[in-house]
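For reference, the chains in residue letters:
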Amino acid sequence: MLNATTHNTQLIRNYIIAATTVMLMSAGVADMFNNPQRIAQQDKLDGYGRYIGAGLVSYGKSLAR
């Protein structure tokens, strides 16, 4: 009976440790991907991508003439 109680206590302890680790890692990953600097940098890259795309279309049209 003592062995079963010890096993249950270890199981609960390990479950709590695993759940806490998952929550902390999830919060860290969410902060990393929702960082305002990263979002602003992505918006800037998206803006440059539009200009580059328009330039490539214009260049392609000039070659087709």
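Residues numbered from 1 in each chain as written. Predicted model: local features only at pLDDT ≥ 70, side-chain atom pairs only at ≥ 80, totals over all residues. Heavy atoms only, no water.

1. Section: the overall build of the chain
- Scanning the chain for helices and strands turns up two helices and zero strands.
- Over its C-alpha atoms the chain spans a radius of gyration of 27 Å, topping by over 25% the 11 Å that the globule rule assigns to 65 residues.
- When its C-alpha atoms are laid out on the principal axes, the chain stretches across 90 × 25 × 5 Å.
- In the chain, which comprises 65 residues, the share counted as buried stands at 2%. (Helix = DSSP H or I, 4+ residues; strand = E, 2+ residues; numbered from the N terminus. Rg over C-alpha atoms; globule rule 2.2 N^0.38 Å. Buried < 20%, exposed > 50% of the residue type's maximum accessible area, 1.4 Å probe, protein only.)

2. Topic: the domain arrangement of the chain
- The assigned domain composition of the chain is domain 1 (1–34) and domain 2 (35–64).
- With four residues of domain 1 at the interface, the matching set in domain 2 holds four residues.
- Contact with domain 2 buries surface across domain 1, with M32, F33 and N34 losing the most and accounting together for 93% of the total.
- Across the side of domain 1 that touches domain 2, the residue classes break down as two nonpolar, one polar and one charged. (Domains from an automatic or database assignment. Contact = heavy atoms within 4.5 Å. Buried area = accessible area lost by both parts, 1.4 Å probe. Nonpolar A, V, L, I, M, F, W, Y, C, P; charged D, E, K, R; others polar.)

3. Observations regarding the UniProt feature "transmembrane region" (unreviewed entry) in the chain
- The UniProt record annotates "transmembrane region" (unreviewed entry) at residues 12–33.
- Its end C-alpha atoms 32 Å apart, residues 12–33 is made of 100% helix and 0% strand. (UniProt positions renumbered as here; feature names shortened; annotations may be inferred.)

4. Points about the environment of L11
- Within the secondary structure, L11 is located in helix α1 (residues 2–33).
- For the pair L11 and M32, spaced 21 residues apart in the sequence, the C-alpha separation amounts to 31 Å.

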